[in-house]
Amino acid sequence: EGMALPQRILFPPEEICMDWQQRQRPGAGLCNLGSTCYINVILQCLTYTPPLANYLLSRDHSQLCHRQGFCMMCIMEAHVRKVLHSSANVIWPRAVVRDLKFIGEEFEPDMAGDAYEFLRCALEAMQRACLSGSSNVDISSQTTTIIHQIFGGFLKSRVTCLRCQAVSDSYKAFLHVLLDIKAPSSLTKALENFVTPKSLDGKCCLKCSKCEKIVTASKRVTVHCVPKVFTVCLERAADHTGKKISKIVEYPEYLDLRPYMSDTAGEPLLYSLYALVVHSGDTCLDGHFFCYTKASNGQWYKMDDESVDNCGIHAVLRQQAYLLFYAR
């Protein structure tokens, strides 16, 4: 349906296991190496992403990896094994901090950073690692790596000419979604806003291929193919000055993505919250990051650098969330 089929499948989706294969107490806390709380929260959320942890604990990647030097998948594999299997209460994420510049050029070990930016760069670095042994991979096949098979979905963008009603569709792969929360008071309202048609007029006018004139049009973005893990950033930067939107945005423990799909008919597409990142601080440019994750034993824990403390779902759902992680 307008989307090119991949010429090859780089990782078979049927090999992805969404449930924990090993159940245990939570793993170690992470030492803050100066200003690294933004790194620690993302490492913890990825460590407690069941399909990713299952794959990394299997060591399938490192056994076949021939990369010389930096490989984000090998680093994550070693990190997740260390966190979940070490008897220590706290570990130092030295390898990640040591190779920070390979993950994202903007990151410095002794400077504060943004958790969403680090997540974005970490996923891209893992994606590059998954593609490193495969040459001449077409764009569609690039979305069949283990990373895209877990975090990746497709958005459909439909532009309708308001003069002749001609429609044109385009598709874009995504690994995470950024939502505007200036007006919405809940995640579901922010998602409704995301899929509401927006008008393209003024500077955004476009030339319709059918009427061959510059026209006003409407554009609607919907989720076309859902990911196994749905990752959302609630945009808390009010503007470029670092002013922060500090309001509470409600989010559910269980989320149905069906209403935000291109095809809203059919069974509910249910997701369960398993991790979230919180930013505390008056502006986006300072403050502190901590997170909540659901361990393989089914219990929730607040993870704040070195400390890992048991907590209940009511505390989890009352946070000023910044990033939300939902698993299918």
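Being a predicted model, the structure only gives us computed values, none of them experimental.

A closer look at the nonpolar core
Counting 64 residues, the largest nonpolar core has Met-73, Phe-118, Ile-147, Val-277 and Leu-323 as the members making the most contacts within it. Per element, the largest residue contribution to this core is eleven residues, and it comes from helix 7 (residues 115-131). Residues contacting Leu-323, with those up to four places away along its chain left out, are Ile-42, Ala-115, Tyr-116, Leu-119, Val-232, Cys-233, Ala-275, Leu-276 and Val-277. Leu-187, Leu-191, Leu-273 and Phe-290 belong to the second-largest nonpolar core, a separate cluster that totals 34 residues.

Some points on the layout of surface pockets
Volume-wise, the largest pocket comes out at about 570 Å³. Taken together, 25 residues form the lining of the largest pocket, with Asp-114, Ala-237, Cys-284, Leu-285 and Tyr-322 sitting closest to its centre. Secondary structure elements with two or more residues in the lining of the largest pocket: helix 1 (37-47), helix 7, strand 10 (229-235) and strand 13 (288-294).

Some thoughts on the sheet that holds strand 9 (residues 217-225)
Reading across from one edge, 4-3-9-6 is the order of the four strands in this open sheet, with antiparallel pairing throughout. Looking along the sheet, the strands with just one partner apiece sit at the ends: strand 4 (167-174) and strand 6 (198-200). Each strand of the sheet is rotated relative to its neighbour by a mean of 30 degrees, with strand direction disregarded. With eight bridges connecting them, strand 3 (residues 153-161) and strand 4 associate as antiparallel partners. Its bridge partner being in strand 4, Phe-154 is matched across the sheet by Ala-173. Where helix 10 (residues 187-195) meets the sheet, its contacts fall on strand 3, strand 6 and strand 9, and the angle it forms with strand 9 comes to roughly 125 degrees.

Some remarks on the side chain of Arg-236
Among the structural elements, Arg-236 can be located in the loop between strand 10 and strand 11 (254-256). Buried charge without a salt bridge: Arg-236, with Glu-235 as the nearest opposite-charge side chain at an N-O distance of 9.7 Å. Reaching out from Arg-236, the side chain makes a polar contact with the backbone oxygen of Ala-321 at a distance of 2.8 Å. In contact with Arg-236, not counting residues within four places along its chain, are Ile-181, Lys-243, Lys-244, Ile-245, Ser-246, Lys-247, Val-249, Cys-284, Gln-320, Ala-321 and Tyr-322.

Some details on helix 10
Every buried residue belonging to helix 10 is among Leu-187, Ala-190, Leu-191 and Val-195, and all of these are buried. Down the axis of helix 10, the buried side of the element spans an arc of 130 degrees, and every buried residue falls inside it. For helix 10, the secondary structure elements touched by its buried residues are strand 5 (177-180), strand 9, strand 10, strand 11 and strand 16 (321-327).

Let's talk about the packing of aromatic side chains
Inspection of the entire model under this criterion finds ten aromatic pairs. Ring geometry for Tyr-38 against Phe-118: centres 5.9 Å apart, planes inclined by 90 degrees, an arrangement best described as edge-to-face. Taken as a pair, Tyr-38 in helix 1 and Phe-118 in helix 7 lie far apart in primary sequence, 80 residues in all. Of the residues examined, Tyr-38 reaches a relative accessible area of 1% and is grouped as buried. The ring of Trp-92 has Arg-94 sitting right over it, with the charged end atom 4.4 Å from the ring centre. Its guanidinium or amino end placed over the ring of Phe-290, Lys-302 lies 4.7 Å from that ring's centre, counting from NZ or CZ.

Some thoughts on the pattern of salt bridges
Per the stated rule, a full pass over the model turns up five salt bridges. When the shortest N-O distance is used, the salt bridge between Arg-120 and Glu-124 registers 3.5 Å. One end of the pair, Arg-120, and the other, Glu-124, are both in helix 7, four residues apart, so they sit about a helical turn from each other. The salt bridge involving Asp-169 is made with Arg-158; its shortest N-O contact spans 2.8 Å. Note that Asp-169 is positioned in strand 4 and Arg-158 in strand 3, a separation of eleven residues in sequence. Classification of Asp-169 as partly exposed rests on a relative accessible area of 32%.

Calculation rules
Residues numbered from 1 in each chain as written. Predicted model: local features only at pLDDT ≥ 70, side-chain atom pairs only at ≥ 80, totals over all residues. Heavy atoms only, no water. Core = buried A, V, L, I, M, F, W, Y, C linked by side-chain atoms within 4.5 Å. Buried < 20%, exposed > 50% of the residue type's maximum accessible area, 1.4 Å probe, protein only. Helix = DSSP H or I, 4+ residues; strand = E, 2+ residues; numbered from the N terminus. Contact = heavy atoms within 4.5 Å. 1 Å grid on protein atoms, 1.4 Å probe; cavity = no way out; pocket = protein on both sides within 12 Å on 5 of 7 lines; lining within 4 Å. Points joined across faces, edges and corners; volume = space filled by probe spheres on them. Pairing = 2+ DSSP bridges. Axes fitted to C-alpha atoms, helices over the stretch in contact; angles between N-to-C directions. Lys, Arg positive; Asp, Glu negative; His and termini not counted. Salt bridge = Lys/Arg side-chain N within 4 Å of Asp/Glu carboxyl O. Polar contact = N/O pair within 3.5 Å; in protein donor to acceptor, adjacent residues only side chain to side chain. Arc of directions from axis to C-beta. Phe/Tyr/Trp six-rings, centres within 6.5 Å; stacked < 30°, edge-to-face > 60°. Lys NZ or Arg CZ within 6 Å of the ring centre and 35° of its normal.

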